[in-house]
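Residue-level listing of the chains:
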There are 2 protein chains.
Amino acid sequence: MGREQELARLIAYIKAEYPAHISLLDAKRGDIGSTAAYYAREAYERYAADAVTVNPYLGKESIDPYLPYTEDGKGIVVLCRTSNPDSDWIQQRAEDATPVYQQVASRVAQWNTRGQFMLVTGATYPEELGVVRALVGDMPLLVPGIGAQGGDLAAVLRHGLDRHQTGLLISSSRGIIYAGAGEEFAAASGAAAKDLRDQINVLRNDNKKTSYLSEK
Amino acid sequence: MGREQELARLIAYIKAEYPAHISLLDAKRGDIGSTAAYYAREAYERYAADAVTVNPYLGKESIDPYLPYTEDGKGIVVLCRTSNPDSDWIQQRAEDATPVYQQVASRVAQWNTRGQFMLVTGATYPEELGVVRALVGDMPLLVPGIGAQGGDLAAVLRHGLDRHQTGLLISSSRGIIYAGAGEEFAAASGAAAKDLRDQINVLRNDNKKTSYLSEK
């Protein structure tokens, strides 16, 4: 079985067994026109993913081909402020009146007429995650960089939660996938995922209390 | 035969029949770490392409995994100023001291220690192509946007040629691929490619004369 078939089978399995979960294809597509249209078809039809990550560097033409699928409830996740260190010089430049990542956030907020957009905002830049939150209201944010990359979970929640104390999809990949090895790998990955979930919920509750106190 | 096998066979055919031609995979990859390393391996090993296009939005970490292959003569083509209209707001913003596409050009010129980089600079923005040329010296530029997209060939050559009256890879895709149909398609595509080549060479000669006159 080829890798493409494995991926299609995995997504089909998740949909069958866990119908409330969304499948997000982190393909980071960044093309326009007919190529982008094929990428959209591949993500939403071939793999039946619920959402796909796209790169904004080519502008709106690289987003447009995905829009027709949002009528069927599909989502688009735009790279905004990525978690890796050398993204600074392009996404966040000191000389700028408005850094590129903020322009991306504002643009995507304008495009978000159907509530089908998310933004990638890395856990390694929690203050900037707060800036994005202020620009996009309750749009959900996809947050990589927790776990292997060392992002600060408490800071992410403090800056990133929306006014309903939610709106963050916090992604730990290597920290969960490689939590164990051999026979134990599934149990170890399950435990790592639950542990991260519990940490998030403890911090959310602390955050609620702080919000409550600061409102008094 | 799957599409992947078709592509691998096409590139192998070009290498066997036309060994002096380079095969450039326009995959517009934009990921980091192990994913980018697999993309590099796919482009250079699986498909045996000579060069591959990459998106700079994630910074140097999205380029690094391609660099080891440049020791074997492989090339990297970085998206800089793309030819589609809505790339303006991110690549070229009026408020900027230094637009993003110029930052990309300057960065890539620094990375170009082995002469293995090119930049994508669209034919639809010939003046900006000239700005990029001034920033990167004799680095070859890949220029889409001639043909179906309506770029001005004479302006491209005037602004984009290097000091040796060369250094431009002018790409017309739909204008050549769809020049004819049915039985005639190969002959029509061949004629369209030769016609474009001849137009380019006439304009290069005009340009040489102008340069010669202006030096007097």
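Fair warning: this is a prediction, and the values are worked out from it, not measured in the lab.

Visitor: Before we move on, can you summarise the sheet that holds strand 5 (residues 141-144) of chain A with the specific residues and values?
Guide: In sheet architecture, strand pairing relies on hydrogen bonds along the backbone and comes in two forms, parallel and antiparallel. Residue and element names in this part refer to chain A. The strand order across the open sheet formed by 6 strands is 1-2-3-4-5-6, and the pairing between neighbours is parallel. With partners counted over all chains shown, the strands left at the sheet margins are strand 1 (24-29) and strand 6 (168-171), one partner each. For this sheet, the mean angle separating the axes of adjacent strands, direction not counted, is 25°. Both strand 1 and strand 2 (residues 51-54) contribute to a ladder of 3 bridges, which runs parallel. Counted as the bridge partner of arginine 29 is valine 54 from strand 2. Strand contacts of helix 6 (residues 126-136): strand 3 (75-81), strand 4 (117-121), strand 5 and strand 6, with the helix running at about 170° to strand 5, the strand carrying the most contacts.

Visitor: Now, about the pattern of salt bridges: what can you tell me, with residues and values included?
Guide: Across all of its chains, the model carries 24 salt bridges over all chains by this definition. The salt bridge partner of lysine 28 of chain B is aspartate 31 of chain A, with a shortest N-O separation of 3.1 Å. Separated into two different chains, lysine 28 of chain B in strand 1 (residues 24-29) and aspartate 31 of chain A in the loop between strand 1 and helix 2 (33-46) make up a pair that spans both. Across the pair, aspartate 31 of chain A and lysine 28 of chain B agree in class, each one buried. Here aspartate 86 of chain B makes a salt bridge to arginine 107 of chain A, at a shortest N to O gap of 3.7 Å. Taken together, the residues aspartate 86 of chain B in the loop between strand 3 (75-81) and helix 4 (88-91) and arginine 107 of chain A in helix 5 (residues 100-111) connect one chain to another. Classification of arginine 107 of chain A as partly exposed rests on a relative accessible area of 24%. What emerges from the salt-bridge pattern is a single network uniting Asp26 and Lys28 of chain A together with Asp31 of chain B.

Visitor: Go over the nonpolar core with me, naming the residues and quoting the values.
Guide: Tyr57, Val104 and Leu119 of chain A together with Tyr57, Val104 and Leu119 of chain B are the most contacted members of the largest nonpolar core, which totals 104 residues. Residues contacting leucine 119 of chain B, with those up to four places away along its chain left out, are Val77, Val78, Cys80, Val104, Ala105, Val108, Val132, Val136, Met139, Pro140, Leu141 and Leu142 of chain B.

Visitor: Pulling in residues and values, what's your account of the confidence of the model for chain A?
Guide: A residue-level look at chain A finds 95% of positions with pLDDT of 70 or above and a mean pLDDT of 90. The complex prediction reports pTM at 0.86, with the ipTM value standing at 0.84.

Scoring rules and cut-offs
Residues numbered from 1 in each chain as written. Chains lettered and ligands numbered in written order. Predicted model: local features only at pLDDT ≥ 70, side-chain atom pairs only at ≥ 80, totals over all residues. Heavy atoms only, no water. Pairing = 2+ DSSP bridges. Helix = DSSP H or I, 4+ residues; strand = E, 2+ residues; numbered from the N terminus. Axes fitted to C-alpha atoms, helices over the stretch in contact; angles between N-to-C directions. Contact = heavy atoms within 4.5 Å. Salt bridge = Lys/Arg side-chain N within 4 Å of Asp/Glu carboxyl O. Buried < 20%, exposed > 50% of the residue type's maximum accessible area, 1.4 Å probe, protein only. Core = buried A, V, L, I, M, F, W, Y, C linked by side-chain atoms within 4.5 Å. pLDDT = per-residue confidence, 0-100.

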